Amino acid sequence: MTVMSNEEYVESLFAKDLDLIRAIEGIRAQGMPEISIAPGYGRLLTLLVQASGAQNILEIGALGGYSGICLARGLQEKGRLLSLELKQEYADVAYSHIEQAGLGEKVGYRIGDAMDTLPELVDEGARFDFFFIDADKGSYPQYLDYALKLANPGAIIVGDNSFMHGRTMDPSQNSNSVKAVRLFNERMVSDSRLESTILPAYDGLAIARVKAE
Ligand code: MG
């Protein structure tokens, strides 16, 4: 007898989500990496945005818009999502999926290396209530530094792929990206400015709240 995994059991309880299925299929059809956030964490993003009342979200890494749909769904009427994406063609795909989900007016994109765009946002005096980090793993510690600079008090910071499919915990793995994610995880849980947790389902999800004081 085959027993479902924890994740499969949870998925079996939920109705099909046509907007997210369209995004998954579109990403596959475009030949883009099939590395969107896990479905249970997508729903968690929506809940966290709703529960925190975030008005301005910064996403680092749009890919095909799956997480963008989940984030934008949690926004209230005037809420906005700014998504940083390296590749114009990925941002175009992401926008088409978000628009088809009826959320197109909530989202904007900045194209280019986030390590160029993030300092621009600091210079502009931009502030955000919610950050979703899911881009170049080797830059995760720098993304966290910028999130802290750009955060309103009480902001939520979420980072995907805490485990890098097992490489984070494998002592024989020491690439720059693995070392960077280890450092990111350690800082998320030990930085005195943050309250945090790391969820161990799927590929791991680090969640922190920037203390208001
Ligand atoms: Mg990811």
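Before any of the text, the structure's been laid out above.
Here the residue index of a chain counts from 1 through its sequence in written order. Selection of residues for local features in this predicted model requires a pLDDT of at least 70, selection of side-chain atom pairs for listing and counting requires 80 or more, and totals for whole chains, interfaces and linings are taken over all residues. Only heavy atoms go into the side-chain values, all of them from the structure, while hydrogens and water stay out.

Enquirer: I'd like to hear about the side chain of Glu59, residue by residue, with values.
Expert: Structurally, the position occupied by Glu59 is in strand E1 (residues 56-60). The buried label applies to any residue whose accessible area, calculated with a 1.4 Å probe on protein chains only, is under 20% of its type's maximum; exposed applies above 50%, and partly exposed to all values in between. Positive residues here are Lys and Arg, negative ones are Asp and Glu, while His and the chain termini are left out of the count. Definition used for salt bridges: Asp or Glu carboxyl oxygen within 4 Å of a side-chain nitrogen of Lys or Arg. Among buried Asp, Glu, Lys and Arg side chains, Glu59 stands out as unpaired, with Lys137 the closest opposite charge at 11 Å. What qualifies as a polar contact is a pair of N or O atoms within 3.5 Å, subject to a donor-acceptor requirement within protein and to the restriction that residues adjacent in sequence count only when both atoms come from side chains. At 2.6 Å, the side chain of Glu59 and the side chain of Ser67 are in polar contact. Dropping the residues within four chain positions of it, Glu59 is found in contact with Ser67, Gly68, Leu71, Leu81, Leu82, Ser83, Leu84 and Phe132. The helix count covers DSSP runs of H or I at least four residues long, the strand count covers runs of E at least two residues long, and both are numbered beginning at the N terminus. Throughout, a residue-residue contact means that at least one pair of heavy atoms, one from each residue, lies within 4.5 Å.

Enquirer: Describe the pattern of salt bridges, naming the residues involved and giving the relevant values.
Expert: Throughout the structure, instances matching the rule amount to 11 salt bridges. We note a salt bridge from Glu120 to Arg110, for which the minimum N-O separation is 3.8 Å. With Glu120 in helix H6 (residues 114-123) and Arg110 in strand E3 (residues 107-111), the pair connects residues that are 10 residues apart, well separated along the chain. Overall, the relative accessible area of 39% leaves Glu120 in the partly exposed class.

Enquirer: Which residues make up the packing of aromatic side chains, and what values do they have?
Expert: Only the six-membered ring of Trp is used, alongside the rings of Phe and Tyr, when aromatic pairs are assigned; centres must lie within 6.5 Å, and planes under 30 degrees apart are stacked while those over 60 apart are edge-to-face, with the rest tilted. Throughout the structure, instances matching the rule amount to five aromatic pairs. With centroids separated by 6.2 Å and ring planes inclined at 50°, the aromatic side chains of Tyr140 and Tyr143 adopt a geometry described as tilted. With Tyr140 and Tyr143 both in helix H7 (residues 140-150) and three residues apart, this pair spans about one turn of that helix. Tyr140 gets classed as buried once you look at its relative accessible area, which sits at 0%.

Enquirer: Break down the packing of H7 against helix H8 (residues 176-190) for me, citing the residues and quoting the values.
Expert: Axes here mean lines fitted to C-alpha atoms, for a helix over just the part in contact, with angles spanning 0 to 180 degrees between N-to-C directions. Following both chains from N to C, one finds H7 and H8 inclined at 35°, their axes separated by 7 Å at the closest point. Here H7 contributes Tyr140, Pro141, Leu144, Asp145 and Leu148 to the contact with H8, which in turn contributes Ala180, Val181, Leu183, Phe184, Arg187 and Met188. Of the residues that constitute the contact of H7 with H8, the class distribution is nine nonpolar, no polar and two charged. Throughout this entry, Asp, Glu, Lys and Arg are counted as charged residues, while Ala, Val, Leu, Ile, Met, Phe, Trp, Tyr, Cys and Pro are counted as nonpolar. The remaining residues, Gly among them, count as polar.

Enquirer: Pulling in residues and values, what's your account of the layout of surface pockets?
Expert: For cavity detection a 1 Å grid was placed over the protein atoms alone, and a set of points counts as a cavity when a 1.4 Å probe fits there but cannot get out; an open set counts as a pocket when protein lies on both sides within 12 Å along at least five of seven lines, with lining residues being those that have an atom within 4 Å of a point. Grid points are joined across faces, edges and corners, and a volume is the space filled by probe spheres set on the points. Approximately 690 Å³ is the volume attributed to the largest pocket. As for the largest pocket, its lining consists of 34 residues, of which Ile35, Asp134, Ala135, Asp136 and Lys137 are closest to the centre. Of all the secondary-structure elements, those providing two or more residues to the lining of the largest pocket are helix H4 (66-73), strand E2 (80-85) and H6. Taken together, the residues of the lining of the largest pocket break down into 18 nonpolar, seven polar and nine charged. Approximately 340 Å³ is the volume found for the second largest pocket. If you go around the second largest pocket, you meet 15 residues; those closest to its centre are Glu11, Asp17, Leu20, Arg43 and Tyr66.

Enquirer: If you had to explain the sheet that holds strand E6 (residues 194-199) to someone new, which residues and values would you point to?
Expert: In short, DSSP must find at least two bridges between two strands for them to pair. With respect to topology, seven strands assemble into an open sheet ordered E3-E2-E1-E4-E5-E7-E6, the strand pairing being mixed. On the outer flanks of this sheet lie E3 and E6, each paired with one strand and no other. Between one strand axis and the next, the sheet turns by 15° as a mean value, whatever way the strands run. Here strand E5 (residues 151-160) pairs with strand E7 (residues 205-210) via five bridges, running antiparallel. Bridging across to E7, Asp160 finds its partner in Leu205. Across the sheet, H4 lies against E1, E2 and strand E4 (128-133), angled at about 170° from E1, the strand it touches most. Packing against the sheet, H8 makes contact with E4, E5, E6 and E7, and its axis sits at approximately 130° to E6.

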